[in-house]
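Spelled out, the chains give:
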Amino acid sequence: MITFLCGLAFLLVGGLIYGRVVERVFKPTDAETPAIKRNDGVDFVPMKKWKNSLVELLNIAGTGPILGPIQGILFGPIAFITIPIGCVIAGAFHDFMIGMISVRYDGAQTPKLVGRFLGKYFHAIYMFFVCLTLLLVGVVFIYTPGDIFVSQVLNEGSSAANPMLWVVYGVIFLYFIIATILPIDKVIGRIYPIFGAILLISAVGVFIGLFTNDYPLVEIWNASATTFPLKGNFIPLFFVTVACGICSGFHSTQVTLVSRTITNEHEGRTTFYDMMLLEGFIAMIWAAAGMGALQSGLTDADTLYNFPAQVVGIVSKNMLGSVGGFIAIIGIIILPITSGDTALRSLRLILGDAVNLDQTKKKNALILALIIFSVTAGLLIWSKVNPEGFHILWQYFSWTNEVIAVFSFAFITVYMKQHKLPYILSLLPGCFYMYTVSAYILNAHIGFNLSWTATYIIAGVITLIFALSLMLYDNKPKELKAA
């Protein structure tokens, strides 16, 4: 418990201090924000600070900060240290800088920012990765809440043979379509506060349950390799497994949605930085819950790694009873749904901007949304009927998620160089994640399947080239006609 509490203390105190440092470096102003200047009643809509914060939290917090940490705790209690450190200096910094840069550049989506600061060639590569990631997010965040609802709430099998599963998928799908097309304040802005309350109540309930149920948490100095079998190759595997809660490239597509609804730059730290700290808190809670369930014999390592959604139900009901457990499970189901809808909304905006499609016209938005949802439906069906389908999707999603984070750190670095800011703040986490994504894909079976020795050497060379390239990069901004 000491390791866990020290990690939480660092998340709170470190986040408070570093968040203020980052804010002072960026220097928010009282300039008019895009929500005011470009109010179109659809995507550029002024909303209150508390509502923006809840929307941001629910946009970024999918099943990632729950399922990832449950799996990642098999690396041991070191997770209680790396999650808060990564969240404070990488993830929260990443979200804040992208959100605020977007505000300064008229609410631009991340692809346009990548193109402006890194050039058209990197823009084209980024477009491929970001569209793929958002599509996979949409699929994964229909799949996981649907399965959890059917198995944990309806107590039925979640196999493809169960018709009820497809009914649940269909309901989530329909909600996604509505939330993707309608103005952001009509659906997302109105129901998210309710979802946010459920989410926070369930998270706090599980947190309290860790103490009242006396869940046994192992200290970092007592960790055993037999209890935590995934200790090998901690880098890169842990940081791809536990992305949400530490640093997630997907967030870059979400903060730029909220950058179009905040009414003052001074709201940025609370809306962007602090909400990422809250996601880190959620990740810490579920990492601890996973460890406690393992140590107390409620589950085993195989279930923890291969069926983390089952662990969610086991922990929630064990800690909070039938009623409290039901509320917690509903909160966990809400998390991915409220990320999946905005992921597909972001994809619609990004693709629309790329082809200069006027999406204030509902017909255009609907046509583009239908194309996106047709592909999403096809991938969802494939992943469910194929025994290995979901695992393949999840691996690619986890990797591409961190790849687009590397692009984000790269353009943040160039932005900071142009404005004579201490770009080392973005260069260091950018290099770390370049090393992580390079090493992962070089070794992985879904990648090049190289030995770990070759992997580490090649990844080191790639990272060195990445660092030198950014340090020597031309500071002149690039202009793109298309987003």
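Our structure is the block above this text.
Residues numbered from 1 in each chain as written. Predicted model: local features only at pLDDT ≥ 70, side-chain atom pairs only at ≥ 80, totals over all residues. Heavy atoms only, no water.

Caption draft 1: Looking closely at helix α7 (residues 120-153). In a regular helix each residue adds 1.5 Å, so 34 residues correspond to 50 Å; α7 covers 48 Å between its end C-alpha atoms and thus fits that length. Taken across its 34 residues, α7 has 24 buried, putting it largely inside the fold. A positive backbone phi angle near 55 degrees is found at Asn 155, which sits one or two residues after α7. (Helix = DSSP H or I, 4+ residues; strand = E, 2+ residues; numbered from the N terminus. Expected span 1.5 Å × (residues − 1). Buried < 20%, exposed > 50% of the residue type's maximum accessible area, 1.4 Å probe, protein only.)

Caption draft 2: Unusual backbone geometry, seen in detail. A cis amide bond links Ile 235 to the next residue, Pro 236, at an omega of 15 degrees. Considering the arrangement of structural elements, one finds Pro 236 in helix α10 (residues 234-241). The backbone of Asp 106 shows a phi angle near 65 degrees, a positive value even though the residue is not glycine. Tracing the backbone shows Asp 106 in the loop between α5 (79-104) and α6 (110-118). In this structure, Asn 449 takes a positive phi of about 55 degrees despite not being glycine. Structurally, Asn 449 can be placed in the loop between α17 (424-443) and α18 (452-471).

Caption draft 3: Quick peek at the side chain of Thr 256. Positionally, Thr 256 belongs in helix α11 (residues 251-258). For Thr 256, the side chain forms a polar contact with the side chain of Gln 109, separated by 3.4 Å. Those residues in contact with Thr 256, other than ones at most four positions away along the chain, are Ile 98, Ser 102, Gly 107, Ala 108, Gln 109 and Thr 110. (Polar contact = N/O pair within 3.5 Å; in protein donor to acceptor, adjacent residues only side chain to side chain. Contact = heavy atoms within 4.5 Å.)

Caption draft 4: Region of interest: the pattern of salt bridges. Per the counting criterion, the structure on display carries six salt bridges. For the salt bridge of Lys 37 with Asp 106, the shortest nitrogen-to-oxygen distance reads 3.9 Å. One end of the pair, Lys 37, is in helix α2 (residues 34-37); the other, Asp 106, is in the loop between α5 and α6, and 69 residues separate them in sequence. Here Lys 37 falls in the partly exposed class, since its relative accessible area comes to 46%. Salt bridges sharing partners connect three or more residues here, namely Lys 37, Arg 38 and Asp 106. (Salt bridge = Lys/Arg side-chain N within 4 Å of Asp/Glu carboxyl O.)

Caption draft 5: Representation of the packing of helix α3 (residues 49-60) against helix α14 (residues 308-354) in the model. Closest axis-to-axis distance for the α3/α14 pair is 6 Å, and the angle between their directions is 95 degrees. Here α3 is positioned roughly perpendicular relative to α14, judged by the angle of their axes. Where α3 abuts α14, its residues Leu 58, Asn 59 and Ile 60 lie against Ile 334, Leu 335, Thr 338, Ser 339 and Thr 342. Considering only residue class, the contact of α3 with α14 consists of four nonpolar, four polar and no charged. (Axes fitted to C-alpha atoms, helices over the stretch in contact; angles between N-to-C directions. Parallel < 35°, antiparallel > 145°, perpendicular 65-115°, else oblique. Nonpolar A, V, L, I, M, F, W, Y, C, P; charged D, E, K, R; others polar.)

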